[in-house]
Amino acid sequence: MSNNGNNGTLNVQEFEYKAEMKQLLDLIVHSLYTHPEIFLRELVSNASDALSKVRFNALTDQDILDREAELAIKITINTEERTFVIEDTGVGMTEEELIANLGTVAKSGTLGFMQSLKEQQKELDGNLIGQFGVGFYSVFMVTDEVTVETRSAKPGSEGYRWSSAGQGTYTIEKIDKAERGTRISFKLKEESKEFAEEYRVEQIVKKYSNFVDFPIYLGEKQVNSITALWQRSKSELKDEEVNEFYKFIANDYQDPLDYLPVSVEGMVTFKALLFLPKEAPMEMLYRQGELENRGPQLYVKKVMIQNECRDLLPEYLRFISGVVDTEDLSLNVSREVVQSSPVMAKIRQILTGKILGWFETLATEQPEKFRTFYKAFGPIIKIGLNTDFTNRDKLIELLRFESTKTGVDEYVTLREYTERMGADQKEIYYHSGSSRSQLLAHPNLEYFQDMGIEVLLLSDPVDVFVIPSIHEYDKKPLKSIEKADIDFSQKKSNAEPIAENLLAPVLKLFRETLGEGIEDVIESHRLVSSPVTLVSGKDGLDSQMEKMMKMMQQGNMPLGKRILEVNTSHPIIRNLAGMIIADENNPLIRTAMKQLYEGALLLEGSLDSTTSFLSRMNELIEAATLSR
Ligand code: ADP
């Protein structure tokens with residue numbers, strides 16, 4: 001930021017927006033908005049936040065400016081002059097806060113994200129803006145120049161006027177302002193003159209801000225009805241109203257997927273209104289599951305005391321937003337006291353139970369909704385499984401898997417799996433890899449497909465960290481089909497294996513050829529149509545798991561050695577046995593063996609270098625074409 005000092009008037013300072021800010025403004029004003037009326041919602045929302053803050057600060061701070069001022073928002077319009085003014089008696093801003101809040105983009109990554117949205121030409125509701133902490137700038141859709149006059153509620157504060165045409169610079173000057181709070185004023189563009197019409201402003205306030213916790217006056221008249229939706233029972237709630245409330249508090253541009261009113265009386269007393277978003281919040285996608293700083297709003301006796309209260313829910317459930325209002329905490333408690341209060345622990349415990357019950361009900365009563373939920377938040381449920389041991393069993397019931405017996409995007413639960421498995425099947429089988437199609441093409445699946453045994457297909461990267469840790473379900477162990485110690489005695493043998501005395505030299509030569517790289521080479525009982533496959537030993541890690549660990553930079557971890565299984569009834573193995581009898585030193589045998597091994601690696605996506613694989617392939621093609 002450059003400070004060009006005075007420009008004419010002595011105490012007016014001109015500042016330049018950061019470069020990123022200019023582009024952002026341009027995007028907001030020219031590309032992203034479809035509903036200019038949103039500006040009003042954003043301004044009311046900011047005023048409401050400022051009022052909440054001052055109400056909270058006043059609980060502990062005796063010296064706050066204008067202690068007795070009414071907490072309210074006031075809108076004044078002049079239809080002829082097309083002017084618009086919105087004032088609040090909230091916390092206001094100091095000069096530093098003005099610069100920090102209205103001169104920079106609060107959240108890093110915002111610009112990049114917005115540009116990518118524009119590039120994707122996504123149809124955007126302008127509501128999206130609120131999510132990125134840039135709501136204020138939406139005002140430049142309806143005006144060319146904005147003035148913000150503000151005075152902080154801090155004792156001894158002074159007034160400042162911020163002014164900008166949204167074109168790259170803004171000015172700040174010291175002013176006399178009698179009362180704390182913020183006054184934002186501007187002249188509407190000709191095409192936006194509707195926002196200086198009383199009926200229109202009233203309509204917008206009712207639509208977006210009816211439940212704002214402070215009176216909103218338009219002229220002398222209060223236009224909102226201040227209803228604490230969470231204090232109502234389910235039958236008194238209207239979807240439309242609830243949805244608007246959700247968008248307001250969660251900064252989401254979409255309706256929620258579902259909502260849950262909660263009312264608890266007993267050991268603790270509280271009311272809550274909780275929301276399930278349709279999509280995972282941005283930071284979850286950007287910063288791998290980071291939900292640390294989220295949570296519902298905490299109210300004590302109808303006064304908001306924390307905007308995003310982390311202590312109300314276990315971390316894995318913090319994608320749920322809403323309001324929790326309790327009588328059991330005292331109003332002027334500090335964050336630390338809230339954190340360690342037994343009341344909070346009790347609320348958290350009850351809410352967690354209610355939420356998991358809610359998911360269960362969705363699963364049985366509204367499977368379509370549950371499916372949407374699971375697509376967005378399935379990975380989080382799995383994280384919960386490894387962190388919330390009290391509710392582990394409930395979470396396990398919520399798990400959904402694709403399997404060899406479901407279609408794409410169709411799911412089976414562990415319960416359904418065990419209910420439909422054959423009487424002689426003792427284990428629950430799973431197969432993990434990077435995609436459904438890759439999994440289905442894998443030779444390790446041949447036996448199971450042949451026998452009609454259902455195998456769960458795990459392609460969510462989180463799966464390999466979670467599923468093995470379940471160990472067993474309904475007394476049936478979960479087992480990766482990669483393990484070498486599966487009982488294949490049931491296999492219908494469809495082809496004659498080669499004789500034992502022919503097999504031994506094949507296995508021996510395989511071992512010699514592959515040497516150190518492999519733990520062992522053994523006869524396979526699982527393969528039907530492929531010549532070889534790789535499996536892991538009894539104590540070895542699943543190959544997908546290994547890949548994940550490697551990706552996560554746990555690079556020093558020695559990779560476990562695999563076992564090569566050989567299909568002794570496959571023509572290639574048969575032919576190799578024949579070649580060994582004829583001339584065990586024929587180099588083609590070893591080339592073929594290496595190629596079979598690396599082919600198996602390739603299939604799993606763990607072949608590191610393809611150059612030697614390809615040159616060997618050419619050698620083999622040459623040999624094959626030569627003998628014609
Ligand atoms: P967001 O409100 O999402 O953080 P905005 O661009 O709307 O993003 O506002 C940026 C910041 O400016 C706010 O976080 C707040 O600190 C400050 N601010 C905006 N309006 C007001 C107001 N009426 N009173 C006090 N502070 C305000």
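Note that the structure is a prediction, hence the values are computed from the model and not measured.

**Considerations on the overall build of the protein chain**
And step 1. A count of helices and strands for the protein chain gives 20 helices and 23 strands.
And step 2. By residue count, 51% of the 628 residues in the protein chain fall in the buried class.
And step 3. For the protein chain, contacts bridging at least 24 residues in sequence account for 70% of all contacts bridging at least 6.
And step 4. Looking at the protein chain as shown, the accessible area adds up to about 29,800 Å², and 48% of this sits on carbon and sulfur atoms.

**Examining empty space enclosed by the protein**
And step 1. Here the structure, examined in full by the defined rule, presents two cavities of 30 Å³ or more.
And step 2. In this structure, the largest cavity spans a volume of roughly 70 Å³.
And step 3. Along the walls of the largest cavity sit eleven residues, with S432, G433, Q438, S543 and E604 positioned nearest its centre.
And step 4. Of all the elements in the fold, those that place two or more residues in the lining of the largest cavity are β17 (428-432), α13 (436-440) and α17 (543-551).
And step 5. Among the elements that take part in the lining of the largest cavity, α17 stands out by supplying three residues, more than any other.
And step 6. Residues that form the lining of the largest cavity fall into these classes: one nonpolar, seven polar and three charged.
And step 7. One number sums up the size of the second largest cavity: a volume of about 50 Å³.
And step 8. Along its surface, the second largest cavity is lined by R41, E42, S45, K247, F248 and N251.
And step 9. Every element with two or more residues in the lining of the second largest cavity is listed here: α2 (38-60) and α6 (239-250).

**A closer look at the side chain of T326**
And step 1. Within the element layout of this structure, T326 appears in strand β15 (residues 321-326).
And step 2. Of the polar contacts made by the side chain of T326, one reaches the backbone oxygen of T269; its length is 2.8 Å.
And step 3. From its side chain, T326 meets the backbone nitrogen of D328 in a polar contact 2.9 Å long.
And step 4. Beyond its immediate chain neighbours, meaning those up to four positions away, T326 contacts T269, F270, L298, Y299, V300, K301 and I347.

**A closer look at the side chain of H431**
And step 1. Mapped onto the elements, H431 comes out in strand β17.
And step 2. Polar contacts involving the side chain of H431 include one to the main-chain carbonyl oxygen of L439, which spans 3.4 Å.
And step 3. Discounting residues that sit within four places of it in the chain, H431 has contacts with L439, H442, L445, V455, L456, L457, L458 and I481.

**Here's the deal with the sheet that holds strand β19 (residues 472-473)**
And step 1. Read across the sheet, five strands follow the order β16-β18-β17-β20-β19 without closing on themselves; strand pairing throughout is mixed. Whereas interior strands pair on both sides, the edge strands pair on one side only; in this sheet they are β16 (402-403) and β19.
And step 2. Where β17 lies against strand β20 (residues 476-480), three bridges are found, and the strand directions are parallel. Within β20, the residue paired with I428 across the bridge is L478.

**Notes on the sheet that holds strand β23 (residues 562-566)**
And step 1. A sheet is described by the order of its strands in space; here three strands give the open sequence β21-β23-β22, paired in mixed fashion. Each having just a single partner strand, β21 (518-523) and β22 (532-536) make up the two edges of the open sheet. Across the sheet, the mean angle separating the axes of adjacent strands is 30° when strand polarity is ignored.
And step 2. Sheet topology note: the β22/β23 ladder contains five bridges and is antiparallel. Counterpart to V532 in the pairing with β23 is V566.
And step 3. Each of β21, β22 and β23 is contacted by helix α16 (residues 500-514), which is oriented at about 165° to β21, the strand it contacts most.

**Quick look at the packing of aromatic side chains**
Given two aromatic rings, their pairing is described by the distance between the two centres and the angle made by the two planes.
And step 1. In total, this model carries 25 aromatic pairs according to the counting rule given.
And step 2. Seen from their ring centres, F319 and F373 are 6.5 Å apart, and the 35° between their planes marks the pair as tilted. Taken together, the residues F319 in the loop between β14 (303-306) and β15 and F373 in helix α10 (residues 367-387) connect sequence positions 54 residues apart. Accessibility assignment for this pair places F319 and F373 in one class, buried.
And step 3. Considering the side-chain rings of F370 and F373, the 5.6 Å spacing of their centres and the 55° angle between planes classify their relative orientation as tilted. Linking F370 with F373, this pair stays in helix α10, spanning three residues, or about one helical turn. Side by side, F370 and F373 carry an identical accessibility label, which is buried.
And step 4. Taken together, the aromatic side chains of F319, W358, F359, F370, F373, Y374, F377 and Y411 make up a single cluster linked through ring pairs.
And step 5. K234 extends its terminal NZ or CZ atom over the ring of Y259, reaching a point 5.8 Å from the ring centre.

**Let's talk about the confidence of the model for the protein chain**
And step 1. Scored by pLDDT, the protein chain comes out at a mean of 86, with 86% of its residues at no less than 70.
And step 2. Contacts of residues 1-8 to residues separated by more than four positions or lying in other chains number 16 contacts, the stretch itself having pLDDT below 50.
And step 3. A low-confidence stretch, residues 123-127 (pLDDT under 50), is modelled with 13 contacts involving residues beyond four sequence positions or located in other chains.

**Side note on unusual backbone geometry**
And step 1. Here R82, not a glycine, exhibits a phi torsion of approximately 60°, which is positive.
And step 2. Inspection of the secondary structure assignment puts R82 in the loop between β3 (73-78) and β4 (83-88).
And step 3. Backbone geometry places H471, a non-glycine residue, at a positive phi of 60°.
And step 4. Topologically, H471 is positioned in the loop between α15 (463-466) and β19.

Scoring rules and cut-offs
Residues numbered from 1 in each chain as written. Predicted model: local features only at pLDDT ≥ 70, side-chain atom pairs only at ≥ 80, totals over all residues. Heavy atoms only, no water. Helix = DSSP H or I, 4+ residues; strand = E, 2+ residues; numbered from the N terminus. Buried < 20%, exposed > 50% of the residue type's maximum accessible area, 1.4 Å probe, protein only. Contact = heavy atoms within 4.5 Å. Areas by Shrake-Rupley, 256 points an atom, 1.4 Å probe, with all protein chains shown as cover. 1 Å grid on protein atoms, 1.4 Å probe; cavity = no way out; pocket = protein on both sides within 12 Å on 5 of 7 lines; lining within 4 Å. Points joined across faces, edges and corners; volume = space filled by probe spheres on them. Nonpolar A, V, L, I, M, F, W, Y, C, P; charged D, E, K, R; others polar. Polar contact = N/O pair within 3.5 Å; in protein donor to acceptor, adjacent residues only side chain to side chain. Pairing = 2+ DSSP bridges. Axes fitted to C-alpha atoms, helices over the stretch in contact; angles between N-to-C directions. Phe/Tyr/Trp six-rings, centres within 6.5 Å; stacked < 30°, edge-to-face > 60°. Lys NZ or Arg CZ within 6 Å of the ring centre and 35° of its normal. pLDDT = per-residue confidence, 0-100.

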